[in-house]
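Breakdown of the fold
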Amino acid sequence: MKSVIKFINTASERTGDWALLAMRLTLAFGFFEPAVKKFDNISGTAEWLGSLGYPLPKLGVLLAGTFEFAGFFLLMLGLLTRYISIPLMLIMILAITTVHLGNGFDAVNNGYEIPFYYLVMLFVLFSRGPGKYSIDEAVVAKIQK
């Protein structure tokens, strides 16, 4: 039994950075399409946000779309990962509370399931960092030398 536990612990230590990379890439692609949709129809999206009671809806669309595009690129690269996680977590909290919460949990009903998962993954990246396979880690390693 001890050898099984040791094997599992060793395997988890060796795969942790790959898991963070997979999480970053999944999130990055998850933010790409919403950003594109926002910029494809800025005025329509702003009108919709205004109907939800958002102040300055056009500015909100531009900010959210910009952070989502930045999130796509920065998460892909593992660059400034902790910093981009903060505004993306705020966007997810706003999306959950103003758009999805009233629809329940299930994604099939436009519920808060997907933005909640994104929020959790962003929190993991914020707290644990981007992992070894990232520009952030390469810069830190270079500074420490």
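See above for the structure.
Residues numbered from 1 in each chain as written. Predicted model: local features only at pLDDT ≥ 70, side-chain atom pairs only at ≥ 80, totals over all residues. Heavy atoms only, no water.

Describing the packing of aromatic side chains
Condition: Aromatic contacts are taken between Phe, Tyr and Trp rings whose centres are within 6.5 Å, Trp giving its six-membered ring; a plane angle under 30 degrees counts as stacked, one over 60 as edge-to-face, and the others as tilted. The helix count covers DSSP runs of H or I at least four residues long, the strand count covers runs of E at least two residues long, and both are numbered beginning at the N terminus. Buried means the residue's accessible area, taken with a 1.4 Å probe over protein chains only, is under 20% of the maximum for its type, while exposed means over 50%, and partly exposed covers the values in between.
Counted under the stated rule, the structure contains 10 aromatic pairs. Seen in terms of ring centroids, tryptophan 18 and tyrosine 133 are 4.3 Å apart; in terms of plane orientation they differ by 35°. Their pairing is tilted. Within this pair, whereas tryptophan 18 is found in helix H1 (residues 2-40), its partner tyrosine 133 is found in the loop between helix H5 (113-128) and helix H6 (135-144), the two being separated by 115 residues in sequence. Residue class for tyrosine 133 comes out partly exposed when judged on its relative accessible area of 30%. With 6.4 Å between their ring centres and 90° between their planes, tyrosine 112 and phenylalanine 116 make a pair best called edge-to-face. Its relative accessible area of 23% is what places tyrosine 112 among the partly exposed residues.

A word on the environment of phenylalanine 116
Examined against the element boundaries, phenylalanine 116 turns out to sit in helix H5. Along the backbone, phenylalanine 116 and alanine 95 are 21 residues apart, and their C-alpha atoms lie at a distance of 9.3 Å.

Digging into the environment of leucine 63
Of note, leucine 63 is situated in helix H3 (residues 57-77). C-alpha separation for the pair leucine 63 and isoleucine 91, spaced 28 residues apart in sequence, amounts to 9.7 Å.

Thoughts on H5
For an α-helix, the turn length of 3.6 residues means that residues three or four places apart are oriented alike. Defined as follows: Each helix should span, by expectation, one fewer than its residue count multiplied by 1.5 Å. Should any heavy atoms of two residues lie within 4.5 Å, those residues are counted as being in contact.
Here H5 spans 22 Å end to end across 16 residues, near enough to the 22 Å set by a 1.5 Å rise per residue. Contacts from the buried residues of H5 go to H1, H3 and helix H4 (81-100). Residue glycine 129 follows H5 closely and has a positive phi angle near 90°.

A look at the nonpolar core
Under the convention used in this document: In this description, a nonpolar core means a group of buried Ala, Val, Leu, Ile, Met, Phe, Trp, Tyr and Cys residues linked to one another through side-chain atoms lying within 4.5 Å.
Counting 20 residues, the largest nonpolar core has Leu27, Phe31, Leu75, Leu88, Met92 and Leu122 as the members making the most contacts within it. Listing elements by their share of this core, those giving two or more residues are H1, H3, H4 and H5. Ranked by the residues each element gives to this core, the list is headed by H4, at six residues. Here leucine 88 is in contact with Phe31, Phe67, Glu68, Gly71, Leu75 and Leu122, once residues within four sequence places are set aside.

Concerning the packing of H4 against H5
The test is simple: To obtain each axis, a line is fitted to C-alpha atoms, and for helices this fit is confined to the stretch in contact; angles are then taken between N-to-C directions over 0 to 180 degrees. Convention used here: angles under 35 degrees read as roughly parallel, angles over 145 as roughly antiparallel, angles from 65 to 115 as roughly perpendicular, and any remaining angle as oblique. Rotating anticlockwise by less than a right angle from the far helix to the near helix defines a left-handed crossing, while the corresponding clockwise rotation defines a right-handed one. Each residue gets one label: Ala, Val, Leu, Ile, Met, Phe, Trp, Tyr, Cys and Pro are nonpolar, Asp, Glu, Lys and Arg are charged, and the others, such as Gly, are polar.
As a packed pair, H4 and H5 sit with axes 9 Å apart at the nearest point and diverge in direction by 160°. As far as their axial angle goes, H5 and H4 are roughly antiparallel. Here the hand of the crossing between H4 and H5 comes out left-handed. Residues Thr81, Arg82, Ser85, Ile86, Leu88, Met89, Met92, Ile93, Ile96 and His100 of H4 lie in contact with H5, whose contacting residues are Pro115, Phe116, Tyr118, Leu119, Leu122, Phe123, Leu125, Phe126, Ser127 and Arg128. Looking at the contact of H4 with H5 residue by residue, the class counts come to 14 nonpolar, four polar and two charged.

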